[in-house]
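# Observations on the three-dimensional arrangement
Chain by chain, the residues:
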Amino acid sequence: MKFEDNNVDRAKRAVRNGVSNLPGATGRYLLQKVPVVQWLPKYSPRWIINDVIAGLTVGVILVPQALAYAKIAGIPLQDGLLASWLPSVLYFFMGTSKDMNTGPTSIIGLLTAQIIKDIGKEGGYSATAIAVAISFSVGIYCLILGILKLGFLLELVSHPVLTGFISAAAITIILGQVPAIFGEKNIGSGAKNQIHDIFAKLPTTKPITFAIGFSGIVMLVLMQTIGQRWGKKSKVIWIVSIGRNAITILLFTVISYVLNKDIEKPMFDLTGKIPSGLLPPKAPDFALVGKVFQPSLAVFLAAALEHIAIAKTFGRKNNYTIDQSQELTFLGATNMLNSFMGGMGVGGAASRTAVNSESGVKSPMYGIFTAGTVLISIYVMTGALFWIPKATLAAVIITAVYQMIAHPSVFFGYWKVSVIDFCASMIAFWVTLFVSAEMGIELATGFMVLSTILQTLFLKGKGVSTDDFHKYYPSGEGGIDYIPAGTAVVKFNHPIIFLNASRAKSSILDSVQTYNAGSPSEFTSPSKNPDRMWSELGARHIDLLRRKAGMSHLEEHNLPQIQVVVVDLSGVIYVDETGIVAMKDMKTELKTYGGENVELRFVGLKQHLLGKFERAGWKFVRSGEENDGDEKQGTGTVVLYHDAREAIANGGRTTDLEEFGTKEAVTYREAVTYREARA
């Protein structure tokens, strides 16, 4: 007899198909990694004006933000500029969104600062070296997920977790910048210490520093508000609004230059000297990469999640589709290459992407002009950047990130919809705020994964009664609309796997034993018979089920004997080995309780699951193919049905129903009512 192994056959087919499709698939895969070769030949010359305007506009915004976010990270400001030009160039070749702008972000700056603080305690490493190592590590993570198309793993971080994390991170960033507004020194680390020290040192506030910082905030908020209200009606107002960061920095840089150019000690803290030009490429310290690789996981998660979310949002808004795996591949490549150029980690930026979209961008071509703007700043404008007040940079940061804090109504919405989601968002928020961003996102994600496992663990089948029959099976033409006496129906809407297999089995047996009697046996109830089963736990469990169902002693005495068990598996898409074993145990225990004549029927069993059951030794017969002389019940054959109503109605027995003066099946409640009247 020839042995057939389904898994071996599937493997052979996969290998044959893989070998034959390999050349073509390889070519398509490589083309996917360089999307420019697909869209550039179709590029319309009329789009160039839009892309130039959008690119220059984003570049003007990117330069001050790069300086500000480098300040958040605690690295030299030029590192922010060095990290800002290459992503735009690379996105021209590898990007799948016309709107996306990639560069330094506030969240990446914050997470980078925390790692620099932790690694810096060991000594021997500069802040720039650590930031470069983090960028390289983030690149590795992104490349692995992008090249292997594993981006779906990012979905383990839920939206509520991300909301709580980003909100707390924004508050942390603001707390770190407030001292610069007041001109305070020697502020402690951590939200608790920062809040205490900020208020404790208010008497040391420098009036002119506060005037510079606070007026910068007012100016930025005012321009943003005017732009939101009248920007769509006036192009000038719109341009002023989106360029508010550059305008504010330019204005206060001029003021700073006028006030400080002729005095030895500046009246307020300045940015200081910024080297001009690009640095020669240099590999990161790979020993240092090993030290920051694990902590960089939080940076990777924040960068990748934010980048993909922004790309998808603007894809939906502007009616195009992005390639998630390709975006991760790009993010990996740009972070790794940036690390050789001396830049910090980068990711998608929501504000710049929004401005890009509003500017009428037509393609990733805009990135060439954005990169050109940044390079001009690096080579030409670094002398002027010396005079930027630190309080003005702090004002830019505060006004940029406060919008990232979710409104309390968002968290209240989580509470109303799902307590689990609310708790996860709160864990992410409070742990990020008072412990660390890395711990916050990891604990909250772990909580969500654990809660999902526990929810899956406690999933079970739903016993269907006549009262809620129409809820699960809406009325059909000529179909049965009740459950006959002696029939139990259990419906599943979830996978039956090792986590919930035992409860799946128990839910079927509990539904059967609650409303149906078993075959006559001295072992089915507690008794004083010396030959009874040594353990009466099963009988006591049945008694407890019936008491929970509110069943009277008379109802319990008149229960119909179980004859047919219908298991609706139409909502089940996966069953593992443990699930199949549990269903086999259920069938055995069902026969023990109800007798060998109990008929088991499966409804809606998917074809691929049918194959699994058959390979595990199960025997099936389809509805309509039964033979009255067949010994299918003795051999454990299960009858398959497509429709639940048919499974419930077809072949139902009418044993002991002559007492009702009818051959028609009656419901359990009808039988009880009749017997109560007889009594």
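These numbers were taken from a predicted model, which means no experiment stands behind them.

Time to look at the overall build of the chain. Counting its secondary structure elements, the chain contains 30 helices and eight strands. Oriented by its inertia axes, the alpha-carbon framework of the chain measures out at about 110 × 65 × 55 Å. Relative to its full complement of 679 residues, the chain shows a buried share of 49%. Taking the intrachain contacts of the chain between residues at least 6 apart in sequence as the baseline, contacts between residues at least 24 apart amount to 79%. When the accessible surface of the chain is summed, it comes to about 33,200 Å², and 62% of that surface belongs to carbon and sulfur atoms. A gap of 11 Å separates the mean positions of the 63 positive and 54 negative side-chain charges of the chain.

What follows deals with the nonpolar core. Counting residues in hydrophobic clusters, the biggest one holds 102 residues, and the most contacted among them are Leu-67, Ile-130, Leu-154, Val-161, Phe-165, Val-292 and Phe-300. In this structure Leu-154 touches Leu-145, Phe-300, Leu-301, Ala-304, Leu-305, Ile-308 and Leu-328, once residues within four positions along its chain are discounted. Of all hydrophobic cores here, the second largest spans 31 residues; its members include Ala-504, Ile-542, Val-572 and Phe-620.

Structurally, the position occupied by Gln-65 is in helix 3 (residues 48-73). Setting aside anything within four residues of it in sequence, one finds Gln-65 in contact with Asn-245, Ser-351 and Arg-352.

Turning our attention to the confidence of the model for the chain. A residue-level look at the chain finds 90% of positions with pLDDT of 70 or above and a mean pLDDT of 87. Segment residues 628-634: pLDDT under 50, and 11 contacts once partners within four positions in sequence are set aside and those in other chains are kept.

Turning our eyes to something else, we now look at the sheet that holds strand 5 (residues 564-568). With mixed pairing, the six strands of this open sheet are ordered in space as 3-4-5-6-8-7. Looking along the sheet, the strands with just one partner apiece sit at the ends: strand 3 (462-464) and strand 7 (620-622). Along the sheet, successive strands turn relative to each other by an average axial angle of 30°, direction set aside. Bridging between strand 3 and strand 4 (residues 487-491) involves three bridges; their strand directions are antiparallel. If you follow Val-464 over to strand 4, its bridge partner there is Val-489. Where helix 28 (residues 607-615) meets the sheet, it contacts strand 6 (599-603), strand 7 and strand 8 (638-641), and its direction lies at approximately 140° from that of strand 7.

Running from N to C, helix 3 and helix 6 (residues 106-120) cross one another at 30°; their axes reach a closest spacing of 7 Å. Considered as vectors, helix 3 and helix 6 are oriented roughly parallel to each other. Pair helix 3 / helix 6 crosses with right-handed handedness. Between helix 3, through Tyr-69, Ile-72 and Ala-73, and helix 6, the contact on the second element is made entirely by Ser-106, Gly-109, Leu-110, Thr-112, Ala-113 and Ile-116.

Looking now at helix 10 (residues 207-230). Between its first and last C-alpha, helix 10 extends 34 Å over 24 residues, near the 34 Å set by a 1.5 Å rise per residue. When helix 10 is considered as a whole, its buried residues turn out to be Thr-209, Ile-212, Gly-213, Gly-216, Ile-217, Leu-220, Met-223, Gln-224 and Gly-227. Packing partners of the buried residues in helix 10 comprise helix 8 (159-182), helix 11 (235-242), helix 12 (244-260) and helix 19 (390-401).

Next up on the list: the pattern of salt bridges. One pass over the structure, following the stated rule, counts 10 salt bridges. Here Lys-261 ties to Asp-262 by a salt bridge, and the two come within 3.2 Å at their closest N and O atoms. Taking relative accessible area as the criterion, Lys-261 reaches 40% and is therefore assigned partly exposed. Since its relative accessible area comes to 65%, Asp-262 is described here as exposed. Residue Arg-547 pairs with Asp-543 through a salt bridge whose shortest N-O separation is 3.2 Å. In this pair, Arg-547 and Asp-543 both sit in helix 25 (residues 537-548), four residues apart, roughly one turn of the helix. For Arg-547, a relative accessible area of 53% translates into the label exposed.

Following both chains from N to C, one finds helix 24 (residues 501-515) and helix 27 (residues 577-594) inclined at 25°, their axes separated by 8 Å at the closest point. Relative to helix 27, the element helix 24 lies roughly parallel. Read as a crossing pair, helix 24 and helix 27 show a hand that is right-handed. Contacts from Ala-501, Lys-505, Ile-508, Leu-509, Val-512 and Gln-513 of helix 24 reach helix 27 at Thr-578, Gly-579, Ala-582, Met-583, Asp-585, Met-586, Glu-589, Leu-590 and Tyr-593. The class makeup of the residues in the contact of helix 24 with helix 27 is nine nonpolar, three polar and three charged.

For helix 24, spanning 15 residues, the distance from its first C-alpha to its last is 22 Å, which sits close to the expected 21 Å at 1.5 Å a residue. Listed in full, the buried residues belonging to helix 24 are Ala-501, Ala-504, Lys-505, Ser-507, Ile-508, Leu-509, Ser-511, Val-512, Gln-513 and Thr-514. Check the buried side of helix 24 and you find it contacts strand 3, strand 4, helix 25, strand 5 and helix 27.

Together, Phe-152, Leu-153, Leu-156, Val-449 and Ile-453 make up a nonpolar patch on the protein surface, roughly 420 Å² of accessible area in all. Summarising the element assignment, Leu-156 is placed in the loop between helix 7 (127-147) and helix 8.

Moving on: a positive patch on the surface. There is a patch of like positive charges on the surface, built from Arg-10, Lys-12, Arg-13, Arg-16 and Arg-615. The greatest single-element share of the positive patch, amounting to four residues, is contributed by helix 1 (residues 6-32). On the basis of relative accessible area, Arg-13 is assigned to the partly exposed category, the value being 42%.

Glycine aside, the phi torsion of most residues is negative, and most peptide linkages are trans. Its identity as a non-glycine residue notwithstanding, Asn-186 has a phi of 55°, on the positive side. Its identity is not glycine, yet Asn-319 carries a phi of approximately 65°, on the positive side.

Inspection of the secondary structure assignment puts Arg-244 in helix 12. Of the side chains with opposite charge, Glu-358 lies nearest to the buried Arg-244, which makes no salt bridge, at 8.0 Å. Within the structure, Arg-244 has its side chain in polar contact with the backbone oxygen of Ser-241 (distance 2.6 Å). Residues within four places of Arg-244 in sequence aside, it is in contact with Leu-220, Met-223 and Gln-224.

Neither face of strand 8 is open: one carries Val-638 and Leu-640, the other Val-639 and Tyr-641, and all of them are buried. The sheet contact formed by strand 6 and strand 8 spans three bridges and is parallel. From the neighbouring strand, Phe-602 faces strand 8, where its bridge partner is Leu-640. Across three bridges, the pairing between strand 7 and strand 8 is parallel. By the bridge assignment for strand 8, Arg-622 is matched with Leu-640.

Evaluation of the coordinates by the stated rule reveals 25 aromatic pairs. Summarising the aromatic geometry, the rings of Phe-210 and Phe-214 are spaced 5.5 Å apart at their centres and angled 10° between planes, so their arrangement reads as stacked. Of this pair, Phe-210 and Phe-214 both sit in helix 10, four residues apart, which is roughly one turn of that helix. When the centroid spacing of 4.8 Å and the interplanar angle of 85° are considered together, the rings of Phe-429 and Trp-430 count as edge-to-face. Since its relative accessible area comes to 10%, Phe-429 is described here as buried. By relative accessible area, Trp-430 is classed as partly exposed at 45%.

Conventions adopted
- Residues numbered from 1 in each chain as written.
- Predicted model: local features only at pLDDT ≥ 70, side-chain atom pairs only at ≥ 80, totals over all residues.
- Heavy atoms only, no water.
- Helix = DSSP H or I, 4+ residues; strand = E, 2+ residues; numbered from the N terminus.
- Buried < 20%, exposed > 50% of the residue type's maximum accessible area, 1.4 Å probe, protein only.
- Contact = heavy atoms within 4.5 Å.
- Areas by Shrake-Rupley, 256 points an atom, 1.4 Å probe, with all protein chains shown as cover.
- Lys, Arg positive; Asp, Glu negative; His and termini not counted.
- Charge placed at Lys NZ, Arg CZ, Asp CG, Glu CD.
- Core = buried A, V, L, I, M, F, W, Y, C linked by side-chain atoms within 4.5 Å.
- pLDDT = per-residue confidence, 0-100.
- Pairing = 2+ DSSP bridges.
- Axes fitted to C-alpha atoms, helices over the stretch in contact; angles between N-to-C directions.
- Parallel < 35°, antiparallel > 145°, perpendicular 65-115°, else oblique.
- Left-handed = near helix turned anticlockwise from the far one by under 90°.
- Expected span 1.5 Å × (residues − 1).
- Salt bridge = Lys/Arg side-chain N within 4 Å of Asp/Glu carboxyl O.
- Nonpolar A, V, L, I, M, F, W, Y, C, P; charged D, E, K, R; others polar.
- Patch = residues over 30% accessible without salt bridge, like charges linked within 9 Å, V, L, I, M, F, W, Y side chains within 5 Å.
- Polar contact = N/O pair within 3.5 Å; in protein donor to acceptor, adjacent residues only side chain to side chain.
- Phe/Tyr/Trp six-rings, centres within 6.5 Å; stacked < 30°, edge-to-face > 60°.

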